[in-house]
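# Summary of structural features
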Amino acid sequence: MIFYFSGTGNSRWIACELARRLGDRALDIIDSAAARAAADLSGEQRVGFVFPIYAWGVPGPMEAFAERAAIPGEAFTFGVCTYGAEAGRAMRKIARKVPLDSSYGIAMPNNYVIGSELEPPETVRAKIAAAQREVARIAEEVARRVCAGRLCEGTASLLKSSAANWGFNRFARATKPFAATDACVGCGRCAAGCPSRAIELADGVPRWVKDSCYQCLRCINECPVRAIEYGEATRGRARYSIERYLGAAADPGTDARGRGGSPAG
């Protein structure tokens, strides 16, 4: 069983690719089906956790989910994080919640449009191609139950995963700057897909009803008409979607065995 949390699709794709290669299932932890599966993992031979790195840390939902998962003693456990450049000590932190036999990191295209412009298409394609090769290697090692550790923590990892991550969670997760422009068509995709349930539609217009969210940026990147902005930080910037590069291979409506899933990114 492979559990994942994903904002704009990078980690979902990794999880589903691993599941496909291993003949396993990939479940979004925001979906109730994942919670039911995690409560009874008896008989599972392997259990994996796939998630993005947010400011050198583990997203809160994944950290809490991993701690609750009832891992059988005979299961091989592994974690895979996705990041732009480095993980800090995030994987060490989640390993304190659930023991991991193997830990991996995979560099994926930048999707944090609040902080920077997106990478050129050729860079995105190169990163995805490299990620495909790494996923194949990870799947082969997991199938053989090889204990491995392959990821980039980066420099000053302790400081980044403590002070910098604390600052991100304390000050950078505000929802107040989010707003929909007049281009909004009221499709409701942002509200339906928000993993923190911070968005509601009011008279066909999205409203952010919580003071903070996970800052996954799914709402910004997946809006079909690019109607969502984060203050002035995202104006004029392109949006990221892994589906543009993968097509049907990254169908957000199914898991690795074709079962209906959530609209997670």
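Structure shown above.
Attention in this report is confined to the structure presented alongside it. (Residues numbered from 1 in each chain as written. Predicted model: local features only at pLDDT ≥ 70, side-chain atom pairs only at ≥ 80, totals over all residues. Heavy atoms only, no water.)

## Focus: empty space enclosed by the protein
If you walk through the whole model with that rule in mind, you get four cavities of 30 Å³ or more. When its volume is computed, the largest cavity comes out at roughly 110 Å³. If you trace the largest cavity, you find 16 residues lining it, with Cys194, Cys213, Cys216, Leu217 and Cys219 closest to the centre. When residues of the lining of the largest cavity are traced back to their parent elements, those giving at least two are α7 (189-193) and α8 (218-222). Residue classes in the lining of the largest cavity are distributed as twelve nonpolar, three polar and one charged. (1 Å grid on protein atoms, 1.4 Å probe; cavity = no way out; pocket = protein on both sides within 12 Å on 5 of 7 lines; lining within 4 Å. Points joined across faces, edges and corners; volume = space filled by probe spheres on them. Helix = DSSP H or I, 4+ residues; strand = E, 2+ residues; numbered from the N terminus. Nonpolar A, V, L, I, M, F, W, Y, C, P; charged D, E, K, R; others polar.)

## Considerations on the nonpolar core
Formed by 30 residues in total, the largest nonpolar core has its most connected members in Phe3, Phe49, Phe51, Met62 and Ile94. Looking at this core, the elements with two or more residues in it are α2 (32-39), β3 (46-52), α3 (60-68), β4 (76-83) and α4 (90-95). If we skip the residues at most four places from it in the chain, Met62 touches Phe3, Tyr4, Phe5, Ile29, Phe49, Val50, Phe51 and Ile94. If you look at the next biggest cluster of nonpolar residues, it comprises 27 residues, including Ile14, Ala26, Val50 and Val142. (Core = buried A, V, L, I, M, F, W, Y, C linked by side-chain atoms within 4.5 Å. Buried < 20%, exposed > 50% of the residue type's maximum accessible area, 1.4 Å probe, protein only. Contact = heavy atoms within 4.5 Å.)

## Observations concerning the layout of surface pockets
If a probe the size of a water molecule is rolled over the atoms, the empty space left behind becomes visible. Put simply, the largest pocket is a space of about 600 Å³. Counting residues per element, the ones that place at least two in the lining of the largest pocket are α1 (10-22) and β4. In terms of residue class, the lining of the largest pocket is made up of 14 nonpolar, 13 polar and one charged.

## Here's the deal with the sheet that holds strand β2 (residues 26-28)
As summarised here, the arrangement of the six strands in space is β2-β1-β3-β4-β5-β6, forming an open sheet in which the pairing is parallel. Unpaired on one side and paired on the other, β2 and β6 (149-150) mark the two borders of the sheet. Bridge count between strand β5 (residues 102-107) and β6: two bridges; the pairing is parallel. Considered in β6, the bridge of Tyr104 is made with Arg150. Contacts between α3 and the sheet are confined to β1 (2-4) and β3, with β3 contributing the most and set at about 165 degrees to the helix. (Pairing = 2+ DSSP bridges. Axes fitted to C-alpha atoms, helices over the stretch in contact; angles between N-to-C directions.)

## With respect to the packing of aromatic side chains
The tally for this structure, following the rule as stated, stands at seven aromatic pairs. Aromatic pair Phe5 and Tyr214: ring centres 5.8 Å apart, planes at 85 degrees, arrangement edge-to-face. Residue Phe5 is found in the loop between β1 and α1, and its partner Tyr214 is found in the loop between β9 (205-208) and α8; the two are separated by 209 residues along the sequence. Overall, Tyr214 belongs to the partly exposed group, its relative accessible area being 23%. On the numbers, 5.3 Å between centres and 5 degrees between planes, the contact of Phe178 with Trp208 is stacked. Linking Phe178 in strand β7 (residues 178-180) with Trp208 in strand β9, this pair joins segments that are 30 residues apart in sequence. The exposure class assigned to Phe178 is buried, which follows from its relative accessible area of 6%. Among the aromatic side chains, those forming a connected cluster through ring pairs are Phe3, Phe49 and Phe65. (Phe/Tyr/Trp six-rings, centres within 6.5 Å; stacked < 30°, edge-to-face > 60°.)

## Here we look at α3
Residues of α3 that are buried include every one of Pro61, Met62, Glu63, Phe65 and Ala66, and no others. In the core, the buried residues of α3 are packed alongside β1, α2, β3 and α4.

## So, the pairing of β3
Where a strand is regular, its side chains alternate between the two sheet faces. Counting buried residues along β3, seven of its seven residues qualify, which places the element largely inside the surrounding structure. One ladder, built from three bridges, connects β1 with β3; its direction is parallel. When the sheet's bridge partners are listed, Phe3 is paired in β3 with Phe49. Judged from the seven bridges that link them, β3 and β4 form a sheet pairing that is parallel. Note on β4: the bridge partner recorded for Gly48 is Phe78. What joins β3 to β4 is α3, and the crossover it makes is right-handed. (Right-handed = clockwise from strand over helix to strand, strands pointing away.)

## Considering unusual backbone geometry
One can expect most non-glycine residues to show negative phi and most peptide bonds to be in trans. The phi dihedral of Trp56 falls on the positive side, at around 60 degrees, and the residue is not glycine. By the secondary structure assignment, Trp56 is in the loop between β3 and α3. If you check the backbone angles, Arg226 has positive phi at about 55 degrees while not being a glycine. Mapped onto the elements, Arg226 comes out in the loop between α8 and β10 (228-230). Taking relative accessible area as the criterion, Arg226 reaches 42% and is therefore assigned partly exposed.

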